[in-house]
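Spelled out from the first residue to the last, the chains are:
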Amino acid sequence: MRKIEAKSICKKFDDLEVLKSIDMTVDEGEVVAIIGPSGGGKSTFLRCLNKLETINGGTIIIDGETLVSTDENGNVRYADNSSRIACRMGMVFQQFNLFPHMTVLENLMEAPVHVQKRNPAEVQKEAEALLEKVGLLEKRDQYPLRLSGGQQQRVAIARALCMKPDIMLFDEPTSSLDPELTGEVLKTMRNLAEDHMTMVVVTHEMGFAREVATKVLFMADGYIQEQGVPEEIFGNPKNERLKSFLKSIL
Ligand code: ADP
Ligand code: MG
């Protein structure tokens, strides 16, 4: 089953063409890693997928439903239910973006109860189960700033999961963590992948991309320059830009 289909995505900020024509497909249970130089448009692309940014051209289909499409005259049209479609994707950011004035448990319950209007008692049960899963149940009544960066990011992951997304988007989830704290977050993401969650992960963690991703996309200069299974991308890169990128980071 195809979960995401993005075709010919264009995005400009004024005169700056950040995404020139991006294509990506993601099937159910796939883990797609997006790598590439800073400023290449990776974050912008993720934000376009879940409508945090609007596109200037192209088509995005989520779970068979058209979120946005562009006609032959270049008119971009978002579906009337585009916000609901976008909500099927949970997102985790580089900066954890937890609500500082709410406890861990309240952070998880906020959107399911107040946005999705679900039953609080049920949500609380699920929230506690998710906290247990990320190993932080004993922190349920703490405030986020009392936690380490790695713990905060695991709470952010649990919070996104509490919305019952069927796709998870991660934007450099370990980039603002001290090196000794990245492992626990990557482990949480690995577990999620083993549970067959469909994931798109922008990352500089090449070990993670190599071992967990089913497909790696190299994005630079507004295009996907090369894509393939990790063994191909890391073991036998063809694109010159990709070769020099890999040299610069490995
Ligand atoms: P990456 O995540 O690959 O580092 P970004 O998507 O953050 O790249 O940025 C791509 C380009 O778009 C950069 O040149 C950045 O300055 C620009 N950009 C990103 N967001 C905005 C914005 N809201 N307004 C103007 N320019 C932006
Ligand atoms: Mg970025």
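In this report, we go over the structure that sits alongside the text. All values reported here derive from a predicted model rather than from experimental measurement. (Residues numbered from 1 in each chain as written. Chains lettered and ligands numbered in written order. Predicted model: local features only at pLDDT ≥ 70, side-chain atom pairs only at ≥ 80, totals over all residues. Heavy atoms only, no water.)

### Let's talk about the pairing of strand β4 (residues 57-62)
When you tally the buried positions in β4, you get 6 out of 6 residues, the bulk of the element. Alternating residues of β4 divide into G57, T59 and I61 and G58, I60 and I62, and every residue in both groups is buried. Where β4 lies against strand β5 (residues 65-70), 3 bridges are found, and the strand directions are antiparallel. Looking at β5, one finds that I61 is bridged to T66. (Buried < 20%, exposed > 50% of the residue type's maximum accessible area, 1.4 Å probe, protein only. Helix = DSSP H or I, 4+ residues; strand = E, 2+ residues; numbered from the N terminus. Pairing = 2+ DSSP bridges.)

### Thoughts on the environment of R241
Inspection of the secondary structure puts R241 in helix α9 (residues 240-249). The sequence separation of R241 and L217 amounts to 24 residues, and the corresponding C-alpha distance is 13 Å. Polar side-chain contacts of R241 include one of 3.0 Å to the side chain of D221. (Polar contact = N/O pair within 3.5 Å; in protein donor to acceptor, adjacent residues only side chain to side chain.)

### Focus: the packing of aromatic side chains
By the definition in use, this model includes 1 aromatic pair. Here the aromatic rings of F218 and F245 are separated by 5.4 Å at their centres, their planes lie at 40°, and the arrangement is tilted. Highlighted residues: F218 in strand β10 (residues 215-220) and F245 in helix α9, separated in sequence by 27 residues. There is no split in this pair, since F218 and F245 are both buried. (Phe/Tyr/Trp six-rings, centres within 6.5 Å; stacked < 30°, edge-to-face > 60°.)

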